[in-house]
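Descriptive structure summary
Listed below are the residues making up each chain.
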Amino acid sequence: QVQLVESGGGLVQAGSSLRLSCAASGRIFSSYIMGWFRQAPGKERESIGESNWTGSSEYYGTDVKGRFTISRDNAKKTTYLQMNSLKPEDTAVYFCAARGIGDSQFHYWGQGTQVTVSS
């Protein structure tokens, strides 16, 4: 089992930066692929990107490329989402998730943290 807790959300102005953290507990963190997702009101959840155990990251949200960066600290069992140049359309609940290397789906999810960007 893996437990995930996000933190760092809040209300910021457009153009600001914010760093979200996702602290994991339970099984070996370094063996898991960590992903970040977000869900805006009235919209489906979308994938932002994911990071493997080496820290190599892939980004799936075209709107966030170049603005968002995923990183991780395996010793601290924590993954981060650095968000720069925030826009009002980035307003959403942000979730982190974990999946095993051989899994195609994310099985472990955090409770989410709200990010609100004002114009």
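Description of the structure in this document. Bear in mind that the values here come from a model prediction, so they are computed numbers and not experimental data. (Residues numbered from 1 in each chain as written. Predicted model: local features only at pLDDT ≥ 70, side-chain atom pairs only at ≥ 80, totals over all residues. Heavy atoms only, no water.)

**Quick word on the overall build of the protein**
Let me state the cut-off plainly: The way it works is that DSSP assigns letters per residue, a run of H or I at least four long becomes a helix, a run of E at least two long becomes a strand, and they are numbered from the N terminus. For the radius of gyration, the atom set is restricted to C-alpha positions; the globular benchmark scales as 2.2 Å times the number of residues to the power 0.38. Whether a residue is buried, partly exposed or exposed follows from its accessible area with a 1.4 Å probe, protein chains only, as a fraction of its type maximum: under 20%, in between, or over 50%, in that order. The Shrake-Rupley method, run with a 1.4 Å probe, gives the accessible areas here. Residue values count only the displayed protein chains as cover. In this tally, Asp and Glu contribute negative charge and Lys and Arg positive charge; neither His nor the terminal groups of the chain are included. Lys charges are placed at NZ, Arg charges at CZ, Asp charges at CG and Glu charges at CD.
In terms of helices and strands, the protein carries zero helices and 11 strands. Start at the N end of the protein and walk to the C end: the helices and strands fall as β-β-β-β-β-β-β-β-β-β-β. Its C-alpha atoms give the protein a radius of gyration of 13 Å, near enough to 14 Å, the size a compact globule of 119 residues would have. Dimensions of the protein along its principal axes, counting C-alpha atoms only, are 40 × 25 × 25 Å. Per-residue burial for the protein yields a buried fraction of 43% across its 119 residues. Within the structure as shown, the protein displays about 6,200 Å² of accessible surface, and the carbon and sulfur contribution to it stands at 47%. Taken together, the 12 basic and 10 acidic charged side chains of the protein have centroids lying 5 Å from each other.

**Side note on the environment of M34**
Convention followed: Every residue pair with non-hydrogen atoms within 4.5 Å of one another is taken to be in contact.
Looking at the secondary structure, you find M34 in strand β4 (residues 32-39). With relative accessibility at 1%, the residue M34 sits in the buried group. Each C-alpha atom of the pair M34 and V12 lies 25 Å from the other, and the pair is 22 residues apart in sequence. What M34 contacts, discounting residues up to four positions off in sequence, is L4, C22, F29, G49, E50, S51, R72, T79, A97, A98 and F106.

**Some remarks on the state of the cysteines**
Definition in use: When the sulfur atoms of two cysteines come within 2.5 Å, that pair is taken as a disulfide.
In the structure shown here, the tally under the stated rule is one disulfide. Two residues share a disulfide in this structure: C22 and C96, whose sulfurs sit 2.0 Å from each other. Given an S-S torsion of about 60°, the disulfide between C22 and C96 has right-handed geometry. Of this pair, C22 sits in strand β3 (residues 18-26) while C96 sits in strand β9 (residues 92-100), and the two are 74 residues apart along the sequence. Assigned by exposure class, C22 and C96 land together as buried.

**Concerning the sheet that holds β3**
The condition is simple: Any two strands are treated as partners once DSSP identifies two or more bridges connecting them. Note on geometry: axes are C-alpha line fits, over the in-contact stretch for helices, and angles between N-to-C directions span 0 to 180 degrees.
Spatially, four strands are ordered β1-β3-β8-β7 in an open sheet, and the strand pairing comes out antiparallel. In the strand order of this sheet, the two ends are held by β1 (2-7) and β7 (68-73), each with one partner. Here the average twist between neighbouring strands, direction ignored, is 20°. For β7 and strand β8 (residues 78-83), the ladder comprises six bridges, and the chain directions are antiparallel. Counterpart to T69 in the pairing with β8 is Q82.

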